[in-house]
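One letter stands for each residue in the lines below.
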Amino acid sequence: MAGQGFVYGIAAAITCAIQLTGYAVAYSLKTETFYDILGGVNYLALALWSAVAGSIDAPLNWVDDPRKILVTILFMCSRGWLLIFLAWRAHERKGDSRFDEVLGKGGGQPQPFRFFVFWMAQAFWVFLISLPMLFVNSSQVNKPGFSAYDIAFAILFCAGVLIEILADIQKALWVKRGRKGDFCTDGVWAVSRHPNYFGEIFQWWCLFAFSYSSSSNNGYADPLWWVGILSPLFTMQILLTMEPTGLCNAEGKNLKRYYDKCPERYSKYRENTSILIPIICYKYVPMFLKRTIFFDFEKYEYKPKSDGSVKNE
């Protein structure tokens with residue numbers, strides 16, 4: 001446990017150092033260009049650190065432990081894609097409008113504390129998402145083989161990453177082709193209105209489950225393993241409930257452009273397409289299930305007022 005605490009503590013210190021340095025440099029230059037990029041770099045730094053430090057006093061070196069090798073490679077593939085995609089998107093968009101107000105780009109007063117909060121939120125997200133990977137790499141348990149349980153959740157993790165990658169690529173290509181049809185229904189977007197968010201959430205539930213086998217106390221009795229559940233839960237909190245990102249940024253009052261331009265087609269798309277979990281025949285799912293296990297909450301609905309303005313939830 002002490003060895004794991006050391007790995008976790010230094011990982012937290014690395015995260016704080018990267019994000020605080022990023023904040024200081026970004027605010028001095030009044031830019032958000034490398035905000036997402038440093039988030040991706042932070043993930044990779046934690047994977048490399050835990051792979052090296054987790055081998056200290058461990059029964060097996062990292063290179064001899066297939067469980068640690070697998071989780072590190074899967075984690076780095078997932079976050080490596082995120083780094084590449086976000087860097088490309090920042091280049092294409094030539095900035096991130098989320099930061100215009102806090103950096104005073106519209107002629108307003110810069111807000112250094114709010115900008116700092118953005119960077120600290122990223123620090124929390126990076127560290128919390130990394131918890132299952134840190135748990136596996138810092139584990140002292142000697143289990144060189146894989147059980148059927150391990151294999152199943154490794155495959156499911158890969159599926160989550162693949163869904164996110166496909167969603168990002170298909171949406172980017174749709175945008176490049178001129179946004180034909182006003183909203184994207186290509187590929188996985190035909191069975192989920194936000195397949196990229198589903199892939200992001202699903203993969204961390206799978207990695208948390210995979211990390212169970214690295215516990216020295218049969219998983220359910222290991223408090224440090226349970227701490228890892230913060231990875232998928234915090235991801236859900238960010239993507240499902242917090243503005244200005246995730247579903248709160250994409251749904252609700254921000255659907256106005258679709259209802260103004262193609263109300264009938266978009267209404268039909270919403271009726272037939274799950275908000276998050278990919279599924280066919282969604283229109284036949286009972287409303288009480290949509291409002292619960294499918295996360296299609298009422299707050300995501302578009303609610304114009306009678307005077308033509310939009311209600312804020």
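These figures come from a predicted structure and were not determined experimentally. (Residues numbered from 1 in each chain as written. Predicted model: local features only at pLDDT ≥ 70, side-chain atom pairs only at ≥ 80, totals over all residues. Heavy atoms only, no water.)

Caption draft 1: Geometry of the nonpolar core. Counting 34 residues, the largest nonpolar core has Tyr8, Phe75, Phe127, Met133, Leu134, Phe157 and Leu207 as the members making the most contacts within it. Those elements that provide at least two residues to this core are helix H1 (2-29), helix H2 (35-53), helix H3 (66-93), helix H4 (112-129), helix H5 (131-138), helix H6 (148-176), helix H7 (195-210) and helix H8 (223-227). For this core, the leading source of residues is H3, giving seven residues. Tyr8 has contacts with Phe127, Leu131, Leu134, Phe135, Ser138 and Leu224, leaving out every residue within four places of it along the chain. (Core = buried A, V, L, I, M, F, W, Y, C linked by side-chain atoms within 4.5 Å. Buried < 20%, exposed > 50% of the residue type's maximum accessible area, 1.4 Å probe, protein only. Helix = DSSP H or I, 4+ residues; strand = E, 2+ residues; numbered from the N terminus. Contact = heavy atoms within 4.5 Å.)

Caption draft 2: Just the confidence of the model for the protein, in detail. Per-residue confidence for the protein gives a mean pLDDT of 89, with 95% of residues at or over 70. For the protein, per-element mean pLDDT is lowest for H3, which scores 89, and highest for H7, which scores 97. (pLDDT = per-residue confidence, 0-100.)

Caption draft 3: Geometry of the pattern of salt bridges. Across all of its chains, the model carries 13 salt bridges by this definition. Put simply, Lys261 and Asp182 hold a salt bridge, and the shortest N to O gap is 3.1 Å. Taken together, the residues span a long stretch of sequence, with Lys261 in helix H11 (residues 256-261) and Asp182 in the loop between H6 and H7 at a distance of 79 residues. Exposure remark for Asp182: the relative accessible area of 24% places this residue in the partly exposed category. Sharing partners across several salt bridges, the network here consists of Arg193, Glu251, Arg270, Arg291, Asp296 and Glu301. (Salt bridge = Lys/Arg side-chain N within 4 Å of Asp/Glu carboxyl O.)

Caption draft 4: Structural view of unusual backbone geometry. Notably, Arg179 is not glycine yet its phi reads approximately 55 degrees, a positive angle. Counting through the fold element by element, Arg179 comes out in the loop between H6 and H7. The phi torsion at Cys281 lies on the positive side, around 60 degrees, for a residue other than glycine. Note on placement: Cys281 falls in the loop between helix H12 (263-272) and helix H13 (287-290).

Caption draft 5: Structural context of the packing of H4 against H5. Across the interface, H4 lies against H5 with an axial gap of 4 Å and an inter-helix angle of 45 degrees. Comparing the axis directions of H4 and H5 gives the class oblique. In contact with Phe127, Leu128 and Ile129 of H4, H5 contributes Leu131, Pro132 and Leu134. Taken together, the residues of the contact of H4 with H5 sort by class into six nonpolar, no polar and no charged. (Axes fitted to C-alpha atoms, helices over the stretch in contact; angles between N-to-C directions. Parallel < 35°, antiparallel > 145°, perpendicular 65-115°, else oblique. Nonpolar A, V, L, I, M, F, W, Y, C, P; charged D, E, K, R; others polar.)

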